[in-house]
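One-letter residues, chain by chain:
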Amino acid sequence: GISPWQGLLGNSCPPRKRPLRTFFGVAGKKDATAADPEQSAAGEVTGAPRLKTANKMVPSSSVPASGPTQGLSTRPCGLRDTLVKSLLKQKESSYTHLQNFRFFVGTYNVNGQSPRGSLRPWLSQDGEPPDIYCVGFQELDLSKEAFFFNDTPKEEEWFKAVTESLHPGAKYAKGNKGGVAIRFQFHNSTVCVVNAHLAAHPEEYERRNQEVRDICARMQFHPLEPGCPLLAIKEHDVVLWLGDLNYRLEEQDMERVKKLIQTQDFQALHQHDQLKIQREAKLVFEGFQEGEISFQPTYKYNPGSDDWDDSAECRVPAWCDRILWSGKTVSLLSYQSHMALKNSDHKPVSAIFDVGVKVVDKKSYCKAFEGIVRSLDKMENASIPSVTLSKREFLFKDVKYLQLQVESFTISNGPVPCQFEFISKPNEDAYCKPWLIAKPSKGFLMPDSEVVIALELCVNKSTATALNSGEEKLEDILVLHLDRGKDYFLSVSGNYLPSCFGCPIQTLCYMKEPIREMLPEAIRELTLMPLLTDDAFWEEKPLDVPKELWMMVDLLCRSACHQEGLFQQPGLRPEFEQIRDWLDTGTLDVLGPVASNHSVAEALLLFLESLPEPVVCYKSYRSSLECANSYEMSSQVISMLPKCHQNVFHYLVAFLRELLKHTGKNHLDVNVLASIFGGLLLRPPPGHTQPGTAEKQKAQQFIQQFLCHEGGTL
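Residues numbered from 1 in each chain as written. Predicted model: local features only at pLDDT ≥ 70, side-chain atom pairs only at ≥ 80, totals over all residues. Heavy atoms only, no water.

(A) Highlighting the overall build of the protein chain. Scanning the protein chain from N- to C-terminus turns up 22 helices and 23 strands. Burial analysis of the protein chain (714 residues in total) assigns 55% to the buried set. At a minimum sequence separation of 6, the contacts of the protein chain that also span at least 24 residues come to 75%. (Helix = DSSP H or I, 4+ residues; strand = E, 2+ residues; numbered from the N terminus. Buried < 20%, exposed > 50% of the residue type's maximum accessible area, 1.4 Å probe, protein only. Contact = heavy atoms within 4.5 Å.)

The following block contains the structure:
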C-alpha cells in the first residue's frame, strides 16, 4: 500500500501512513449491468458499461476493456469528434434515465491484525445483495517492511476474508488497488471512491483539514481518452469518501463521554465532534454530506473486546471511522457500526446507498447523435475560429521555493466552435518551462463560451538550482494554438528570491551570510564552483556544515528528541514557509521560527532532497550499494567524498544517533531512520532506473551500519 501523501509539501518525504487497501466489487445480479474495471496509467480504475453480467471473480488489472459500450465514444477525438461529444453531453438528459443501484461502502482500521472469523456481520448484513461493494482498510500491516517497501502478505489474507464474506446472493467481479482512490464509469455516471487515513491525535484537526484539501488538490486521474484534461476528485457525479479520518471529540472528559454513550445520547455527544464542527464552519469537506450518527464511537477499544481502552494512553472514545458522500443522486439508506467484529481497536463502519445512475437508452442516444451530426454538416467550414484573451502578459513577483503563485486569464470564444492547445516552440520539447504549468493546457470551446486558464508557477527541487545561480530566469513565451485558427503569444516573467533549498552543500558551506543578503554574482560564482576535494583550493575557509542545516538540526536537538512520530508525520505548509524564510533571511529570532517539531523535521527532509548533489555523491552511489554489508568498506566510500559532504554525512549520522538514545520516548528505531534517510542521503544519479525494493533495502542497510556503529557526536 502506498501513502496518500509523500509529505504535505511535495512528493518528497517518506510515507507516514500505514498501508491502505481499497477493494472494489461489482455485482453480477440479473438486473445489474456490470462495469469492468480498467487500470490506466495513473492507477485509476475506470470502466465502460458491459452488456453482460459478471460470473466470476477476477483482479481488475486482468479485465480487458472490450465489448460493446452504451457510453460515449472513447476513440481518439479530432475537433469534430470533440464537438459531437460535447453536444451529446449537453443533450444527455434526452437519452438517459436514472436507475437506482445499491452501493455498499465500508471502512475498517484493522490495526495490523489478521482476519479472525467471518466478516459477514459487516459485509452481508442485508437480505438483498448490493450492486457494488466499496471497502477500504487502514493499517492493514504495521510492519516496517510494509511501511517502506510496499510489500505485505496480509493483503492476501484480507482479500480472501472479504471475498468469502460478500453477499452470497450474487457473484462479483473484483478489483484491488494499493492506493487511496479509485474512479470508474458505471453506465453514463462517473464515481470516485477515496480511502483516507488522516493524522492522529485530538489537537491535529487543522492538519487533518489540510490533508483533505491536499488530497482533493493533488489527486488527479488520467482519462482513457487521449487529449482530455486530468480529472479531479470533485469532477465526478458521485464521490464516496471513507476511512479512518481520525477526527476526535473536542476537549471532553472521559467519564462524561462514557456516561453519554451509556445513555445512548449520541446527539449530545456529536455536538462536540471535530468533524461536525469543522464541516459546519466550512473548513473541510465542503459540498459533502454525512448521515446521522446513531451508533457509539468506533474508537478506541481493547482489541478482542467491546471494552473501552484501558491502556496507559486511555484514549477518549471518538467517531474516527466515517463515510461521507457528494452527489445529487445519492440517497443514504443506512449508516452504522458493527460491534460484532473485535479484531481491532476500531470497529468497522458501513453505509448503504441508493445511487441514481444515468443509464443510456440506445434508441434515444442514436436519435440525438444523428441530429447533432446533421447540424454539424450544415455549419462545417462556415468560418475560421477566433478567440479573445483577457490578458497576455503575466508578472510573478517575489517567487519563493515551493510557494505556488497563480495568475489567471479568460479565453472567450467567438461564433465558431474551437479546439485550443498550448504548443511547444521550435526546438523545445514542452510548451512551457518546467516551473510553469497551464490548467487546462488544452480544451474545447462551444460558440460564444469561455474558459478560465490558470497559469501556476512553482519552483521545486528540479528547477531551484539554476534559478539560484541565475543560469535560468523566470521568463517564458507561451503559444496558444487554435485548431484551424491562428496562434496567440503570452509573455510570462517574474523574479525568484534565492533560497538555500536547491543550493549545493559546498556552496552553502562558503556562504557565511544568509543567501538573500548576498549579491547575485556571488551566489552564481559559488553555485557554479566545481566540487572541491580539498578546501585549501579556496582562499576563505568554509563552514564545516551549512549553517542552514545546523540551524534545523540544532532546533530539533533542543526540542524534538522526545517527539513521537518525528519524520513520519508531515508538517504544516505555513510553518514550512516560515522556516524557509528564516533560513534564507536570518531575520527571525535566533531561537528559530514558531513552528512544530514536525514542520522543522519535514523542512530538513525537503532540504536534503533539494540538494542538487546528494550527501553521498552520485558517483559513489553504485559503490555504496556494493559495500552495504561492510562497515569498513562503507566508511572508505565516505572518506573519499569531498570534505564538506563528509562533514554533513557524519553530522547527520551523529544527530540520528542522538535521536536513537531517546527511542523510549520518540519510538524511533534504526530501521525507520535508515529507511527515511537512506533514500535522501543516497540517491541514484540522473538517468538511473527507478530503484526497486532490493536497491532501496541496500541503501537502507548502508545508512543503518553507521547508525548502529559507535561513532562521533554532535
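(B) Examining the pattern of salt bridges more closely. For the structure on display, the rule yields 28 salt bridges. Glutamate 280 is the salt-bridge partner of lysine 276, the closest N and O atoms lying 2.7 Å from each other. On the criterion of helical spacing, the pair formed by lysine 276 and glutamate 280 is a turn pair, its members being four residues apart in helix α9 (residues 274-280). Judged by its relative accessible area of 18%, lysine 276 is buried. We classify glutamate 280 as exposed; its relative accessible area is 56%. Measuring nitrogen to oxygen at the nearest pair gives 3.1 Å for the salt bridge that ties lysine 391 to glutamate 407. Residue lysine 391 is found in the loop between β15 (387-389) and β16 (393-399), and its partner glutamate 407 is found in strand β17 (residues 405-413); the two are separated by 16 residues along the sequence. Using a relative accessible area of 21% as the deciding quantity, one classes glutamate 407 as partly exposed. Where salt bridges share partners, they join Lys400, Arg516, Arg580, Asp581 and Asp584 into one cluster. (Salt bridge = Lys/Arg side-chain N within 4 Å of Asp/Glu carboxyl O.)

(C) Highlighting helix α14 (residues 547-559). The terminal C-alpha atoms of α14 lie 18 Å apart, and with 13 residues this matches the ideal 18 Å at 1.5 Å per residue to within 8%. Of all the residues in α14, the buried ones are Lys547, Glu548, Leu549, Met551, Met552, Val553, Leu555 and Leu556. Elements that come into contact with the buried residues of α14 comprise α12 (505-509), α15 (573-585), α16 (597-610) and α19 (643-660). (Expected span 1.5 Å × (residues − 1).)

(D) Summary view of the pairing of strand β22 (residues 475-482). As paired elements, strand β18 (residues 418-423) and β22 share four bridges and run antiparallel to each other. Its bridge partner being in β22, phenylalanine 420 is matched across the sheet by leucine 482. As paired strands, β22 and strand β23 (residues 487-496) are joined by seven bridges and run antiparallel to one another. From the neighbouring strand, valine 479 faces β23, where its bridge partner is phenylalanine 489. Counting the residues in the hairpin turn of β22 and β23 gives four residues, including arginine 484, whose phi is positive at 65 degrees. (Pairing = 2+ DSSP bridges.)

(E) Region of interest: the nonpolar core. Among the nonpolar cores identified, the biggest contains 106 residues, and Ile411, Leu455, Phe567, Leu608, Phe649 and Phe702 are the most heavily contacted of them. Here the element with the most residues in this core is α19; it accounts for ten residues. If near-sequence neighbours (up to four positions away) are discounted, isoleucine 411 is found in contact with Val387, Thr388, Leu389, Phe420, Leu445, Ser449, Glu450, Val451, Ile453 and Leu480. With 34 residues, the next largest nonpolar core counts Ile132, Leu269, Phe295 and Val330 among its residues. (Core = buried A, V, L, I, M, F, W, Y, C linked by side-chain atoms within 4.5 Å.)

(F) View of the packing of α15 against α16. Closest axis-to-axis distance for the α15/α16 pair is 9 Å, and the angle between their directions is 60 degrees. The orientation of α15 with respect to α16, classified from their angle, is oblique. The way α15 lies across α16 gives a crossing that is right-handed. Facing Glu575, Phe576 and Ile579 of α15, the residues of α16 in contact are Ser599, Val600, Ala603 and Leu606. Here the contact of α15 with α16 is built from residues that sort into five nonpolar, one polar and one charged. (Axes fitted to C-alpha atoms, helices over the stretch in contact; angles between N-to-C directions. Parallel < 35°, antiparallel > 145°, perpendicular 65-115°, else oblique. Left-handed = near helix turned anticlockwise from the far one by under 90°. Nonpolar A, V, L, I, M, F, W, Y, C, P; charged D, E, K, R; others polar.)

(G) Quick look at the packing of aromatic side chains. Under the defined criterion, the tally for this structure stands at 26 aromatic pairs. A ring pair is formed by phenylalanine 266 and tryptophan 319, whose centres lie 6.4 Å apart and whose planes are at 80 degrees; its orientation type is edge-to-face. Placement of the pair is phenylalanine 266 in helix α8 (residues 266-270) and tryptophan 319 in the loop between α9 and β12 (321-326), with a sequence separation of 53 residues. Residue phenylalanine 266 shares its accessibility class with tryptophan 319, and that shared class is buried. When the ring of phenylalanine 285 is compared with that of phenylalanine 288, the centres are 5.4 Å apart and the planes differ by 75 degrees; the resulting orientation is edge-to-face. Of the two residues, phenylalanine 285 and phenylalanine 288, both sit in the buried class. (Phe/Tyr/Trp six-rings, centres within 6.5 Å; stacked < 30°, edge-to-face > 60°.)

(H) Focus on the sheet that holds β15. Here we have four strands laid out as an open sheet, ordered β15-β17-β21-β19, and antiparallel in their pairing. The open sheet terminates on both sides in strands that have one partner only, identified here as β15 and β19 (436-439). Neighbour to neighbour, the strand axes of the sheet diverge by 25 degrees on average, direction disregarded.

(I) Local environment of the environment of asparagine 597. Among the structural elements, asparagine 597 can be located in helix α16. In this structure asparagine 597 comes out as buried when scored by relative accessible area, which is 15%.

(J) Representation of the pairing of strand β4 (residues 96-109) within the structure. Pairing of β4 with strand β14 (residues 349-360), which is carried by twelve bridges, proceeds in the antiparallel orientation. Looking at β14, one finds that histidine 97 is bridged to valine 359.

(K) Up close: the state of the cysteines. According to the stated counting rule, one finds zero disulfides in the structure shown. For cysteine 500, which is in no disulfide, the shortest distance to another cysteine sulfur is to cysteine 503 and amounts to 7.0 Å. (Disulfide = S-S within 2.5 Å.)

(L) Seen up close, the packing of helix α21 (residues 670-681) against helix α22 (residues 693-708). At their nearest, the axes of α21 and α22 sit 8 Å apart, and the two run at 120 degrees to each other. Relative to α22, the element α21 lies oblique. The handedness of the crossing between α21 and α22 is right-handed. Touching Val670, Asn671, Leu673, Ala674, Ser675, Phe677, Gly678 and Leu681 of α21 are Ala699, Gln700, Ile703, Gln704, Leu707 and Cys708, all from α22.

(M) Expanded view of the environment of glutamate 251. Mapped onto the elements, glutamate 251 comes out in the loop between β11 (238-244) and α7 (254-262). With 22 residues separating them along the chain, glutamate 251 and aspartate 273 place their C-alpha atoms 9.7 Å apart.

(N) Region of the structure containing unusual backbone geometry. Tyrosine 299 connects to lysine 300 through a cis peptide bond whose omega is 5 degrees. In this fold, lysine 300 is placed in the loop between α9 and β12. Residue proline 440 is reached from lysine 439 by a cis peptide bond, and omega for that bond is -10 degrees. Within the secondary structure, proline 440 is located in the loop between β19 and β20 (442-445). The phi torsion at histidine 187 lies on the positive side, around 55 degrees, for a residue other than glycine. Looking at the secondary structure, you find histidine 187 in the loop between β7 (181-186) and β8 (189-197). Even without being glycine, histidine 667 reaches a positive phi, approximately 60 degrees.

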